[in-house]
Amino acid sequence: MTQTLPSKFLPIQPLDDDNGVTEAVTALYTDGIVGRKGAFSREWVQVLGEDVMAAFADALNRPYGAVGRGPNRWYVQIHPQALRGFAELVSHPWIQAVSEAVLGPSYRIVEVGFDIPFPGAVNQPWHRDFPTPQETNDERRLTSLAFNVTTVDTTDDMGPFEIAQGTQFDDSIGFEHAMFPPKSRYPEYEARAVRKYPQMGDISARSALAIHRGTTNHSSKLRPVLILGVVGPEAMGAARHEFAVTKDYWQALPESIRRHLDCPIVDELVPIAQKHTIEGLVMGAA
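Procedures and definitions
Residues numbered from 1 in each chain as written. Predicted model: local features only at pLDDT ≥ 70, side-chain atom pairs only at ≥ 80, totals over all residues. Heavy atoms only, no water. Pairing = 2+ DSSP bridges. Helix = DSSP H or I, 4+ residues; strand = E, 2+ residues; numbered from the N terminus. Axes fitted to C-alpha atoms, helices over the stretch in contact; angles between N-to-C directions. Core = buried A, V, L, I, M, F, W, Y, C linked by side-chain atoms within 4.5 Å. Buried < 20%, exposed > 50% of the residue type's maximum accessible area, 1.4 Å probe, protein only. Contact = heavy atoms within 4.5 Å. Parallel < 35°, antiparallel > 145°, perpendicular 65-115°, else oblique. Left-handed = near helix turned anticlockwise from the far one by under 90°. Nonpolar A, V, L, I, M, F, W, Y, C, P; charged D, E, K, R; others polar.

Draft legend 1. Structural detail: the sheet that holds strand 6 (residues 161-164). Strand order in the open sheet formed by three strands is 7-6-9, and the pairing between neighbours is antiparallel. The strands lining the two open edges of the sheet, one partner per strand, are strand 7 (193-195) and strand 9 (212-214). For this sheet the average axis-to-axis angle between neighbouring strands, irrespective of direction, equals 20°. As paired strands, strand 6 and strand 7 are joined by three bridges and run antiparallel to one another. Bridge pairing links Ile163 to Val194 in strand 7.

Draft legend 2. Spatial organisation of the nonpolar core. Core analysis: the biggest nonpolar cluster contains 51 residues, and Leu89, Trp94, Phe147, Leu228 and Leu261 have the highest contact counts within it. Looking at this core, the element that brings in the most residues is helix 2 (residues 42-60), giving seven residues. Each residue touching Leu261, except ones within four places of it in the same chain, is listed here: Phe86, Arg108, Ile109, Phe243, Val245, Trp250 and Leu253. One finds Ala164, Phe175, Tyr189 and Ile211 within the second-largest nonpolar core, a separate group that totals six residues.

Draft legend 3. Here's a closer look at the packing of helix 1 (residues 21-30) against helix 4 (residues 93-103). Put simply, helix 1 and helix 4 touch, their axes get as near as 10 Å, and they point 60° apart. In terms of their interaxial angle, helix 1 and helix 4 are classed as oblique. The element helix 1 and its partner helix 4 pack so that their crossing is right-handed. In contact with Val21, Ala24, Val25, Leu28 and Tyr29 of helix 1, helix 4 contributes Trp94, Ala97, Val98, Ala101 and Val102. When grouped by side-chain class, the residues that make up the contact of helix 1 with helix 4 number 10 nonpolar, no polar and no charged.

Dropping the structure here:
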């Protein structure tokens, strides 16, 4: 069965009259990132944070449960059922509207996971999350989005996310693995870099092709961020990812979610062995 939350935990911000969608699409195609302030209640995010930390503790207790994304920085992919608020997350009207506007009505949800920079996490090398697909190279068209939800209020000493705005369509000439630009281009990205300070309840959407990095966490706090991966019909779907749902969970989901959820339906969930090591991130910028 789906897990449900009391009404006080549900999203609190409906779409406004113009939906904010045109503005969001414009920002994604220009800056490569856009945010929606106060999309969820703080109480909803507190529950999300509890589930993220429980999933992280479980991941650390089994082989290949978490993957390093640099010193003191971890990524974990999870099954939707690990989150009590998964259905509310993916049915948020802003996420649905932006996904459809950018990726089309057949968009698919292919990944849910989280990134946790611990105290002492260092600057990551500038990178994009995967090589630029042909549709983006040839047509300057985005075929995927990453939605992020912070579980804490982000401050400057916590190693905030930094993005070189407008780089989602930049060429990959000289990039290692078509993802990691040479250090000779770092001044270009630093000149275009903007740090983001989301607060509990905010959502952001970004193109994972925009050059970005996590920065040094000088604080004594963790900075967990949930990541929801959404793709259009051209992009590779569940074949690259491992999440699944059980039959009873699937049956209890509304059709409006099921038609966008790209994953196996199983009798019993198997813990995910993380396979998405990004070699260039393991050592950090150093």
